[in-house]
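# Coordinates in review
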Amino acid sequence: MTLTFIDWLIMLVYFVFVLGIGFTLKRYMRTSNDFFLAGRSIPAWICGLAFISANLGAQEVIGMGASGAKYGIATSHFYWIGAVPAMVFVGIFMMPFYYGSKARSVPEYLRLRFDEKTRAVNAFSFAIMTVFSSGISMYAMALLIQTLGLFHGIIPDQYIFHVSVLLSAVIVLAYIFLGGLTSAIYNEVLQFFLIVAGFAPLVWVGLKNVGGWHGIQQRLPGAMTHSWQGMTHANTNPLGVEWFGLVMGLGFVLSFGYWCTDFLVVQRAMAANSEESARRVPLIAAIPKMFFPFLVILPGLIAVSIPVAQHAAQNHLVGASTAGTSLGIIPQKVNPVSGAPMLDEKGQPVYNYDLAIPALLLHYFPSGILGLGLTALLASFMSGMAGNVTAFNTVWTYDIYQSYINKRATDAHYLMMGRIATVGGILLSIGAAYAATSFNNIMDALQLVFSFVNAPLFATFLLGMFWKRTTGHGAFSGLILGTGAALLHHGLTLPQDAAPGLHGAWIKLFRTYPSDMAQNFWTAIVAFSVNLLVTIAISLMTKPRPEPELVGLVYSLTPKPVEEHLAWWQKPASLAIAVLVLLVILNLVFA
Amino acid sequence: MGLDIRFPLGLMFLVTGGLMTVYGFFTRGSAIYQKSLGDNLNIQWGIVMFLFGALMWYLGKRQSWKNDPVNPRPWERPQYPH
């Protein structure tokens, strides 16, 4: 791929602004509160856009484009079932406890509600997960830059991966080090608008080419263009999962486990300038979120709908086949050593779905707007990394360093520790990037990690916030045994056509699932159920905390938020109803 | 926070949209637009981005001094007419 000066210039402008924001905000970072919580002074709409942008990492843009090409519009379940309902729930029901309790992080809420050991489990597992996720984003970005041949001819090919990792690390480090969470949030807003600006014209020109949505429907099988078709049985839809596994596993356990308890996203809402704003943050975020499938999944569908004869762009991609076949414009994977097109065990071509969006960018975008499209891609990777790094530095400083290493330092010391943790987080992410395993679909790997760590977690929060009888011993035991159950389930099950090992059945093969997605969803369901039952059982056997200590932490003991001064349309509940109505309409249109 | 995000956001879109529009103007009729089905996406989208940038820049500039905790407010500055 050859870029012209205008493409480089557009990328440069973006990086200048990203770093400029960090430098401008440096003077406002006077206390740890400014650095870690953005001084709790950010308006709701900014936090809302940062709320979804922090999640717009590698798994979102590349992974969702890949899944769109592979599974079709059913991938939108990850948004319409797997995100929006949970975002509404966290905004309406959970945010008053996170914001109102004055906890500075999600693990700190667990300490206030339960005890030290429950916080420790969450803090340490979360810290590891953020580093892993940030590393995955970094790895995927470097791999993409290498595949696109972005620096080809500028840097020797064997160094491109390393230079890409280093460059992304230095940029993210610089703007977080300088401006803390505010800088990350501001850059996430910038990245949000860039992603929309970069992908909207891509979808527009792509749809025009393939004859609109109607054209896609004519070219692709019905199962690819209907999100609910064949969902009664796992074998009759492209996801390989039946409706119950989808709704319970993805729509309830995994989705609520992520959006309602993951400090990465919750931190954005906790930076809002009032409790009302904090409650509105996830609801504001839900509106663009439900339309994001049109920006990230639709390109995948367009990529497989383009007639092969029309396409020549895959020849520009390093590692894509020129000798093999292609599916639309999705190139066939090639063996990196022999250069031969790869085939699976049945002799079928293996397609590199992760290249759906990059290939589409190269296919439609001339110089100039190509620079914008690539900047949007890079922005998405960096927002994913930065979100994880800011969550990591806060949890490290408040929940690990201040709690277990140095309890009585000055605020200036914790501010400095936050900056050191930012450097440490970036270094660990680089380590994780190099250790990243070779899953074809990045999202599968992330789902696997999330299902172990997050799935049991939601049961702990649900019981903690809505059942005053829940005890610290119960919560701790439930978390440990829930995660254990997830591991055990993974060790005993395997997706069809996969070899025992990383994909499962590393203890013994007990059950086979039609797809790895079904296995992930059921792992989550098992982890959640075990946690729920264990927490209830142990709580009933142990002594609960006195009720006065739980005011502001448990639903039944906390005064309801006062909303009389708000007009009906300003109330979070009204916004939530509007969001849910839109959600139903979207599901019906694409059913 | 003293910096209103709409200010840098608007400025970035003004610059990027402006660059694309100018580049699109000088490359109009070029063969590079065969890729985008004959549409000069640089001019079309560049203008949209420029206008969006101008709006954001205006809104951000109007607001940014209002809650700046570091700089003196306009009415606190010596040159402000009392």
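Residues numbered from 1 in each chain as written. Chains lettered and ligands numbered in written order. Predicted model: local features only at pLDDT ≥ 70, side-chain atom pairs only at ≥ 80, totals over all residues. Heavy atoms only, no water.

## A look at the overall build of chain B
Rules: Here a strand is any run of E in DSSP of at least two residues, a helix any run of H or I of at least four, and the numbering for each starts at the N terminus. Each residue gets one of three labels from its accessible area relative to the maximum for its type: buried under 20%, exposed over 50%, partly exposed in between, using a 1.4 Å probe on protein chains only. Here a residue-residue contact requires only that any non-hydrogen atoms of the pair lie within 4.5 Å. The protein chains shown are the only cover counted for residues, whose accessible areas, like all others here, come from Shrake-Rupley with a 1.4 Å probe.
A count of helical and extended segments in chain B gives 2 helices and 0 strands. Relative to its 82 residues, chain B shows a buried fraction of 40%. When contacts within chain B are restricted to residue pairs at least 6 apart in sequence, long-range pairs at least 24 apart make up 63% of them. Counting every atom, chain B has about 4600 Å² of accessible surface; 66% of that belongs to carbon and sulfur.

## Structural notes on the overall build of chain A
Spelled out, the test is: This radius of gyration counts C-alpha atoms alone. The globule rule is 2.2 Å times how many residues there are, raised to the power 0.38. For the purpose of counting charges, residues Lys and Arg are taken to be positive, whereas Asp and Glu are taken to be negative. His and the chain ends are not included. Each charge is placed at NZ for Lys, CZ for Arg, CG for Asp and CD for Glu.
On a plain count of helices and strands, chain A comes out with 23 helices and 4 strands. Taken over the C-alpha trace, chain A has a radius of gyration of 23 Å; the compact-globule value for 591 residues is 25 Å, and the two agree within 12%. For chain A, with 591 residues in total, the buried portion stands at 63%. Long-range pairs, those at least 24 residues apart, make up 79% of the contacts in chain A with a sequence separation of at least 6. With an accessible surface of roughly 20500 Å², chain A has 68% of that area assigned to carbon and sulfur atoms. Of the charged side chains in chain A, 30 are positive and 24 negative; the average position of the first set lies 7 Å away from that of the second.

## Structural notes on the packing of helix α9 (residues 160-210) of chain A against helix α18 (residues 369-405) of chain A
Residues and elements named next belong to chain A. This is how it is decided: Here an angle of 0 to 180 degrees is reported between the N-to-C directions of two axes, which are lines fitted to C-alpha atoms, with helices fitted over the stretch in contact. Throughout, the term roughly parallel applies to angles under 35 degrees, roughly antiparallel to angles over 145, roughly perpendicular to angles from 65 to 115, and oblique to all others. Each crossing is labelled by how the near helix is turned from the far one, with a counterclockwise turn of less than a right angle marking it left-handed and a clockwise turn marking it right-handed. Under the scheme applied, nonpolar residues are Ala, Val, Leu, Ile, Met, Phe, Trp, Tyr, Cys and Pro; charged residues are Asp, Glu, Lys and Arg; polar residues are all the others, including Gly.
Between α9 and α18, the least distance of the axes is 6 Å, while the angle of their chain directions is 140°. By the angle between their axes, α9 is oblique relative to α18. Considering the relative orientation of α9 and α18, their crossing is left-handed. A per-class count over the contact of α9 with α18 returns 21 nonpolar, 11 polar and 1 charged.

## So, the pattern of salt bridges
Put simply, the rule is: One side-chain nitrogen of Lys or Arg within 4 Å of one carboxyl oxygen of Asp or Glu is enough to make a salt bridge.
This model, assessed by the stated rule, comprises 9 salt bridges over all chains. The salt bridge partner of D4 of chain B is R6 of chain B, with a shortest N-O separation of 3.0 Å. Assigned by exposure class, D4 of chain B and R6 of chain B land together as buried. Among the ionic contacts, a cluster of salt bridges with common partners joins E116, R119 and D399 of chain A.

## Quick look at the UniProt feature "transmembrane region" (unreviewed entry) in chain B
Residue and element names in this part refer to chain B. As a reminder of what qualifies: UniProt positions are given in the numbering used here, feature names are shortened, and annotations may be inferred rather than shown by experiment.
Taken from the UniProt record, the annotation "transmembrane region" (unreviewed entry) applies to residues 7-26 and 41-59. Between the end C-alpha atoms of residues 7-26 the distance is 29 Å, and the span holds 100% helix and 0% strand. Annotated as 100% helix and 0% strand, the span residues 41-59 places its first and last C-alpha atoms 27 Å apart.

## Examining the interface of chain B and chain A
Worth spelling out the cut-off: Once two parts are put together, the accessible area they lose, assessed with a 1.4 Å probe and summed over both, is termed the buried area. Any pair of nitrogen or oxygen atoms within 3.5 Å is treated as a polar contact; in protein, a donor-acceptor pairing is required on top of that, and neighbouring residues in sequence qualify only through side-chain atoms on both sides.
Taken together, the contact pairs 31 residues of chain B with 41 residues of chain A. Here chain B meets chain A over a buried area of about 3200 Å², counting both sides, of which 78% is carbon and sulfur. At the boundary of chain B and chain A, one finds 1 salt bridge. For the interface between chain B and chain A, the tally reads 6 residue pairs in polar contact (both at pLDDT 80 or more). Looking at the side of chain B that touches chain A, the elements with two or more residues in it are α1 (6-26) and α2 (41-63) of chain B. Of the residues forming the side of chain B that touches chain A, the biggest block, 11 residues, is contributed by α1 of chain B. When its residues are assigned to classes, the side of chain B that touches chain A shows 21 nonpolar, 6 polar and 4 charged.

## Focus on the packing of aromatic side chains
Formally: Aromatic pairing here means that ring centres of Phe, Tyr or Trp (its six-membered ring) are within 6.5 Å. Orientation follows from the plane angle: under 30 degrees is stacked, over 60 is edge-to-face, and everything else is tilted.
Taken as a whole and judged by the stated rule, the model has 43 aromatic pairs over all chains. Ring geometry for F5 of chain A against Y23 of chain B: centres 6.3 Å apart, planes inclined by 75°, an arrangement best described as edge-to-face. Separated into two different chains, F5 of chain A in helix α1 (residues 5-25) and Y23 of chain B in helix α1 make up a pair that spans both. Using a relative accessible area of 58% as the deciding quantity, one classes F5 of chain A as exposed. We classify Y23 of chain B as buried; its relative accessible area is 15%. Measuring from ring centre to ring centre gives 5.8 Å for W80 of chain A and F590 of chain A, while their planes differ by 35°; the resulting arrangement is tilted. Separated by 510 residues along the polypeptide, W80 of chain A in helix α5 (residues 77-80) and F590 of chain A in the segment after α23 (572-589) bring together distant segments of the chain.

## A few points about the packing of helix α6 (residues 84-100) of chain A against helix α14 (residues 275-291) of chain A
Residues and elements named next belong to chain A. Relative to each other, α6 and α14 sit at 165°, their axes nearing to 8 Å. Taken together, the axis directions place α6 and α14 in an arrangement best described as roughly antiparallel. The two elements α6 and α14 cross, and the hand of that crossing is right-handed. On the side of α6, the interface is formed by V84, M87, V88, V90, G91, I92, M95, P96, Y99 and G100, while α14 contributes E275, A278, R279, P282, L283, A285, A286, K289 and M290. For the contact of α6 with α14, the class distribution of residues is 14 nonpolar, 2 polar and 3 charged.

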